[in-house]
Amino acid sequence: MTNSSGAFSSMAQPELELLQALNPSAFDQVLLSLAFFALRQSSYRHGAFLDAAATAAKCAVYTTYVEQGGNLRMTGHLHHIEPKRVKAIVQEIEQGLQAGQRLQHAAFQEPTYLTELPQVWLGQYPWHRSQPRLTGDRLSEDQQTYLEAKLPPDLPAAQGISSAEFADLIAFLHQQAQAKAPGDRPLPLSEALAEHIKRRLLHAETVMRLDNPWGMPYYILLSSTYGGPDSPTKTPHSLLEDAAHFLRLSHAWTKQQHNVMRIFESLDIAPADLSQAQTELHELMRHWAKKYHQRGKPTMAIHMMFGPKDHSLS
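Just so you know, these numbers come straight off a predicted model, no measurement behind them.

Procedures and definitions
- Residues numbered from 1 in each chain as written.
- Predicted model: local features only at pLDDT ≥ 70, side-chain atom pairs only at ≥ 80, totals over all residues.
- Heavy atoms only, no water.
- Core = buried A, V, L, I, M, F, W, Y, C linked by side-chain atoms within 4.5 Å.
- Buried < 20%, exposed > 50% of the residue type's maximum accessible area, 1.4 Å probe, protein only.
- Helix = DSSP H or I, 4+ residues; strand = E, 2+ residues; numbered from the N terminus.
- Contact = heavy atoms within 4.5 Å.
- Pairing = 2+ DSSP bridges.
- Phe/Tyr/Trp six-rings, centres within 6.5 Å; stacked < 30°, edge-to-face > 60°.
- Lys NZ or Arg CZ within 6 Å of the ring centre and 35° of its normal.
- Expected span 1.5 Å × (residues − 1).
- Axes fitted to C-alpha atoms, helices over the stretch in contact; angles between N-to-C directions.
- Parallel < 35°, antiparallel > 145°, perpendicular 65-115°, else oblique.
- Left-handed = near helix turned anticlockwise from the far one by under 90°.
- Nonpolar A, V, L, I, M, F, W, Y, C, P; charged D, E, K, R; others polar.
- Patch = residues over 30% accessible without salt bridge, like charges linked within 9 Å, V, L, I, M, F, W, Y side chains within 5 Å.
- Areas by Shrake-Rupley, 256 points an atom, 1.4 Å probe, with all protein chains shown as cover.
- Salt bridge = Lys/Arg side-chain N within 4 Å of Asp/Glu carboxyl O.

Visitor: How should the nonpolar core be read in this particular structure?
Guide: The nonpolar side chains of soluble globular proteins are, as a tendency, buried together. In terms of nonpolar packing, the biggest core is built from 19 residues, with Leu-117, Trp-121, Ile-161, Phe-166, Leu-169, Leu-201 and Val-207 touching the most fellow members. Mapped by element, the contributors of at least two residues to this core are helix 6 (110-124), helix 8 (163-180), helix 9 (191-203) and strand 3 (218-221). Residues contacting Ile-161, with those up to four places away along its chain left out, are Trp-121, Tyr-125, Phe-166, Leu-169, Tyr-218 and Tyr-219. Counting residues in hydrophobic clusters, the runner-up holds 9 residues, among them Leu-134, Leu-147, Leu-151 and Leu-155.

Following this line, the structure appears as structure tokens:
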């Protein structure tokens, strides 16, 4: 009883209104959904998202070239591009594969910052109970007490740092990431990129901004890992992972793999019965899975979404 349109239920009202106005095809719905979740909910950079899309298109051209036995003209004909452009794309992909380079994708630089920052912060700015959580020559004892009273409980053992120190921490991580990155074109740390990293850390509730009435704000480490279990980043990332797995299974189904099947049902349910129907469906799947589960055997997965068939979700 899977329904792809159910994925739009978590979209904001402006996104729903735009979809209704555009009336996109199924393919465009997939592209729009990815853009909404990547740029709006997961806060990936616009440029990185475009780079990822361009690389995906190049990979599609390359796989067609391989399937066509290296025929540049036929590959170009199938993708509506000149053979010389096909040749350039093939050379780019092959050179990258031979050099062991990672291809451009939306999260290339950012996860390094996000996942490593808490541990680097804990190492560079450790806090001990005998020390004040916030340091700074310009803070009086009363001001420090006032600010520390605004801190949440159970913080990691890390000092609060100034805006300048937070900027230095991001710059340090950027430099480390560039040293490890493949290729000979390091990405400069622009002001826009630094602000983007800062916003992602704040949105994930890994870092907290503490406004200071007497000067520049402080930044507080809230979690020793990027994005705790209740982080607002978890749902979008889980959804994207589920969507990627669903698409892989869908592709396998089109290739008629024997161990993959498509499940789809469309039915009319009275609103008064909807809650009971959902409960029964959950129980049915739980008992079915319990019946056939055998630990140690090949793992199978089911992705199901239950919801209205059209896009008019509120």
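Visitor: How should I be thinking about the pairing of strand 3 in this particular structure?
Guide: Here is the key point about a regular strand: its side chains alternate between the two faces of the sheet. Alternating residues of strand 3 divide into Tyr-218 and Ile-220 and Tyr-219 and Leu-221, and every residue in both groups is buried. Relative to strand 3, strand 1 (residues 161-162) is paired through 2 bridges, and the arrangement is antiparallel. What sits directly across from Ile-161, in strand 3, is Tyr-219. One ladder, built from 4 bridges, connects strand 2 (residues 207-210) with strand 3; its direction is antiparallel. Across the sheet, Arg-209 pairs through a bridge with Tyr-219, a residue of strand 3.

Visitor: Please explain the packing of aromatic side chains as it appears in this structure.
Guide: Scanning all chains against the criterion turns up 4 aromatic pairs. Ring geometry for Trp-121 against Phe-166: centres 5.9 Å apart, planes inclined by 45 degrees, an arrangement best described as tilted. Here Phe-166 lies in helix 8 and Trp-121 lies in helix 6, a separation of 45 residues in the sequence. Both residues of the pair, Trp-121 and Phe-166, count as buried. Each member of the aromatic cluster is reached from another via a ring pair, and the members are Trp-121, Phe-166 and Tyr-219. Over the face of the ring belonging to Trp-127 we find Arg-133, whose NZ or CZ atom lies 3.7 Å from the ring centre. Against the face of Trp-253 rests Arg-262, its NZ or CZ located 5.7 Å from the ring centre.

Visitor: Before we go on, may I ask you to explain helix 9 in this structure?
Guide: Taking 1.5 Å of rise per residue, 13 residues should cover 18 Å, and helix 9 covers 18 Å from first to last C-alpha, within 8% of that figure. A positive backbone phi angle near 60 degrees is found at Glu-205, which sits one or two residues after helix 9.

Visitor: Could you clarify how one ought to interpret the packing of helix 3 (residues 46-67) against helix 4 (residues 72-79) in this entry?
Guide: When two helices pack together, their arrangement is given by the angle between the helix axes and the distance between those axes. The N-to-C vectors of helix 3 and helix 4 enclose an angle of 135 degrees; their axes lie 9 Å apart at closest approach. Judged by the inter-axis angle, helix 3 sits oblique to helix 4. Where helix 3 crosses over helix 4, the handedness of that crossing is right-handed. For the pair helix 3 and helix 4, the contacting residues are Ala-60, Val-61, Thr-64 and Tyr-65 in the first and Leu-72, Thr-75, Leu-78 and His-79 in the second. A class-by-class count of the residues in the contact of helix 3 with helix 4 yields 5 nonpolar, 3 polar and no charged.

Visitor: Would you mind showing me how to read unusual backbone geometry here?
Guide: Where the residue is not glycine, phi is negative for most of them; where a peptide bond is considered, it is trans in most cases. A positive phi is found at His-80, a non-glycine position, where the angle reads about 60 degrees. Inspection of the secondary structure assignment puts His-80 in the loop between helix 4 and helix 5 (83-98). Positioned with a positive phi, Gln-256 is a non-glycine residue whose angle comes to about 60 degrees.

Visitor: Help me out: how do you make sense of the sheet that holds strand 3 in this one?
Guide: The pairing of strands in a sheet comes from backbone hydrogen bonds and takes either a parallel or an antiparallel form. Spatially, 3 strands are ordered 1-3-2 in an open sheet, and the strand pairing comes out antiparallel. Looking at strand neighbours, the two that pair on one side only are strand 1 and strand 2, the edges of this open sheet.

Visitor: Sorry if this is basic, but what is going on with a nonpolar patch on the surface here?
Guide: Taken together, the side chains of Phe-27, Val-30, Leu-31, Leu-34, Phe-246 and Leu-247 make up a nonpolar region of the molecular surface, amounting to roughly 540 Å² of accessible area. Those elements giving two or more residues to the nonpolar patch turn out to be helix 2 (26-41) and helix 10 (234-254). When residues in the nonpolar patch are grouped by element, the largest group, 4 residues, is from helix 2.

Visitor: What's the story with the packing of helix 3 against helix 5 in this structure? I'm lost.
Guide: For the pair helix 3 and helix 5, the least separation of the axes is 9 Å and the interaxial angle reads 95 degrees. As the angle between them shows, helix 3 and helix 5 are arranged roughly perpendicular. The segment helix 3 lies against helix 5, with Lys-58, Cys-59, Val-61, Tyr-62 and Tyr-65 engaging Arg-85, Val-86, Ile-89, Val-90, Glu-92, Ile-93, Glu-94 and Leu-97.

Visitor: Can you walk me through the side chain of Asn-212 in this structure?
Guide: When you line up the elements, Asn-212 lands in the loop between strand 2 and strand 3. By relative accessible area, Asn-212 is classed as buried at 11%.

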